[in-house]
There are 2 protein chains.
Amino acid sequence: MNVSDFEQRRNKILSVVIEAYVASAVPVGSELVARRLRPSVSSATIRNVMGELEEAGLLEQPHTSAGRVPTDRGYRLYVDSLMDVPWFSREQVMEMTHRLHGEESEVEQLLGRAGGLLTELAQQASFILAPTVKRTALRQIELVPLGVRKVLCVLIGDQEETYASHVVELIEPLSREEVLALVRFINTQLTGLPYRDVVDSLERRLIAETDSFYHLVKRSLDILQHALSTEPEERLLLEGASYIVAQPEFRRDPGKAHRLLKGLEDAESLMEQVRSDLTTDRVRVRIGRELPLAGYEACSYVAAPFVVEGRVLGGVGVLGPTRMDYPRVSALVEAVARSIASILGRGPAA
Amino acid sequence: MNVSDFEQRRNKILSVVIEAYVASAVPVGSELVARRLRPSVSSATIRNVMGELEEAGLLEQPHTSAGRVPTDRGYRLYVDSLMDVPWFSREQVMEMTHRLHGEESEVEQLLGRAGGLLTELAQQASFILAPTVKRTALRQIELVPLGVRKVLCVLIGDQEETYASHVVELIEPLSREEVLALVRFINTQLTGLPYRDVVDSLERRLIAETDSFYHLVKRSLDILQHALSTEPEERLLLEGASYIVAQPEFRRDPGKAHRLLKGLEDAESLMEQVRSDLTTDRVRVRIGRELPLAGYEACSYVAAPFVVEGRVLGGVGVLGPTRMDYPRVSALVEAVARSIASILGRGPAA
DNA sequence: TTTAGCACTCTATCTATACGAGTGCTAATA
DNA sequence: TATTAGCACTCGTATAGATAGAGTGCTAAA
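Residues numbered from 1 in each chain as written. Chains lettered and ligands numbered in written order. Predicted model: local features only at pLDDT ≥ 70, side-chain atom pairs only at ≥ 80, totals over all residues. Heavy atoms only, no water.

Colleague: Run through the protein's contact with DNA strand C, naming residues and quoting values.
Modeller: Close contacts around DNA strand C come from 22 residues, with Ser30 and Arg68 of chain A together with Thr45, Thr64 and Ser65 of chain B the closest. Counted by atom, the contact set of DNA strand C within 4 Å of the protein is 71% sugar and phosphate. Here a phosphate oxygen of DNA strand C and a side-chain polar atom of threonine 45 of chain B are 2.6 Å apart. At a separation of 3.0 Å, a base oxygen of DNA strand C approaches a polar side-chain atom of serine 65 of chain B. Elements supplying a minimum of two residues to the surface near DNA strand C: helix 3 (43–55) of chain A together with helix 3 (43–55) of chain B. For the surface near DNA strand C, the element with the most residues is helix 3 of chain B, which contributes four residues. Of the residues contributing to the surface near DNA strand C, the split by class is six nonpolar, 12 polar and four charged. (Near = heavy atom within 4 Å. Polar contact = N/O pair within 3.5 Å; in protein donor to acceptor, adjacent residues only side chain to side chain. Helix = DSSP H or I, 4+ residues; strand = E, 2+ residues; numbered from the N terminus. Nonpolar A, V, L, I, M, F, W, Y, C, P; charged D, E, K, R; others polar.)

Okay, here's the thing in structure tokens:
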């Protein structure tokens, strides 16, 4: 038996342990692994190998006389090189896409359905990182006067259906004519500018200009600054928190569940993490301690971006205990992300 | 001792039991009650009275040799006639109002802060029933063309800062001129109409009219129908789900927690319930089985509407186990509701 | 009417014990 | 040299019995 054969068997055994543990949530013993292994081997041999796997830091024992449980590193190896991600059939993908199309074709509703679908199919909590105007570029704005000192500022982004409205209170009254002038000014001078840079750009102009534009720039700045300051960079739609509590690991230790839910309440930090993970067009898996967020100690997520015309518009993901069916969930998350991308890409619900 | 004295003592004892149980989450025995009672009585007497209270269905024993626990009916009597709701000092109210005012003055942010405040002070989950355009009357609409067959429909309500935007896909292209005509038509012909009636009204006109208006009515109907169909009647902002899991009753029985979180996911039914409870300007308390919602078996909520100029704009509430500090939570919920109302009433953040 | 006293009930806790799952090691085996 | 049968050992879990303690309801006396 050469080295490669050795490796292969080790890996196979690791996979069996992980898959059995994922299915049962109970530490896996050598006997069970031996029974599952294709070329029949004795449990004693398995024990030796499992000992090695433990020394390698891929498995661990809850206590001396228990079976083995995968470590974060064990899952990592499995996810990176061992698991095979199932393929969904054309029909299944069609079915999913069909379910994502629904009565209402707005992006908001589409993402809501996607969350529901993920949660239902994965039987886990799911999250969706939804695009907001603020990450796009200014395509158009509209001002709707609501009173002399109050105006609704409608921001429209250059990507599919990104828009937002914000009420802005003004110190100085704003006349009808001024509104028209402002809209014209902004829609001619600032289009194409990323929303994030709009305020900076206006501030710079304010310093430079002293001419007749000054007033326009000043007022635009006032309004856009306020409108943009209340607009979040992203939104996180979370669904299926109840599934967290239902998992055996969290039932056994309600404190763990509490900490996770507590952590989830600070959506900000999860968003940050997910965003930084979704820069490429790939499924990302974060396992246990790889997630440096308070409360997520025993959790993993699988996330994938939806990419339209080369741009990452947002992402979807499934969140659960480290004991997660990574192959299945990965396939699921990727399929849903692709479905969303294809729906968004093809524009209006066909 | 006359009948009234009897009653008074019974009630006093019920109150003591409830307050002790709320504080400790442990069944309350006669000894403890005797020690707390002002005019010193023996535990034997208390036992007799507690026996009566049990017969009356206000207390119950988890098992023969345990102390007593309040029933839903016991809490109900306590809430209706026995508890005294604490008063917040002027300073405390100011402090709260101050915390509700924040950097951002939009209603959305205000309500978000209110939820955070409630959750933090009550150490329980809180919810907020937020007003939407759909429950107000049409004050103005604006149409922003996003493409030849796509338009952003901005709905503005006749109440403080109620508005919404929806993208509407059109079958037929829409020209600039048509947009102007439509906006003019809607903003002159339909203002003041409750949004709920807008579609009906247009449909009736569609049947009646065959003249030149027909086209306008038809297209308005198309757009408004789509825009309104995706607009919810209400929104429910839920916060502090983690506190639910932290409560001892739910820690002991994770299944209960799971059922409640599951129930919470269907925000629709909770909204319905809360809305129907908040028709008057009063704090409403729902105790245990009085909430006919699946999953809420061992839960109560305390809710209060925020009322501006005689109209119920929305509501706030605290949700937790039936073992809740009703006096404190009631005071809290009412104070927050009033604060919100006063901020909304006085218009822009003063 | 109240209360001291007491027997009774039931749970929670502890201990002891047995059980069994799973391990690691050793020695025999192919 | 790799594998495996065998076995002693460990340790968690399940079971049962004993104990303590909290709280009750009842009775009889004050």
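Colleague: Describe in detail the packing of aromatic side chains, supporting the description with residues and values.
Modeller: Residues and elements named next belong to chain A. Using the criterion set out here, one finds four aromatic pairs over all chains in the structure. Centre to centre, the rings of phenylalanine 127 and tyrosine 301 are 5.4 Å apart; their planes meet at 80°, and the pair counts as edge-to-face. Placement of phenylalanine 127 in strand 3 (residues 125–130) and of tyrosine 301 in strand 9 (residues 299–308) is noted, with a sequence separation of 174 residues between them. (Phe/Tyr/Trp six-rings, centres within 6.5 Å; stacked < 30°, edge-to-face > 60°.)

Colleague: Which residues make up the sheet that holds strand 6 (residues 163–169) of chain A, and what values do they have?
Modeller: Residue and element names in this part refer to chain A. Read from one edge to the other, the open sheet built from three strands follows the order 4-5-6, with strand pairing classed as antiparallel. Each end of this open sheet is capped by a strand with a single partner; those strands are strand 4 (138–147) and strand 6. On average, each strand axis in the sheet is tilted by 20° relative to the strand beside it, whichever way the strands run. As defined by bridge partners, strand 4 adjoins strand 5 (residues 150–157) across eight bridges and the pair is classed as antiparallel. Residue pairing in the sheet places leucine 143 in a bridge with cysteine 153 of strand 5. Along the sheet, helix 8 (residues 195–208) makes contact with strand 4 and strand 5, crossing strand 4 at roughly 70°. (Pairing = 2+ DSSP bridges. Axes fitted to C-alpha atoms, helices over the stretch in contact; angles between N-to-C directions. Contact = heavy atoms within 4.5 Å.)

Colleague: Requested: an account of unusual backbone geometry, with residues and values cited.
Modeller: For glutamate 309 of chain A, which is not glycine, the phi torsion reads 50° and is therefore positive. Relative to the elements of secondary structure, glutamate 309 of chain A occurs in the loop between strand 9 and strand 10 (311–321). One non-glycine residue, glutamine 123 of chain B, adopts positive backbone phi at about 55°. On the accessibility criterion, glutamine 123 of chain B (42% relative accessible area) is partly exposed. (Buried < 20%, exposed > 50% of the residue type's maximum accessible area, 1.4 Å probe, protein only.)

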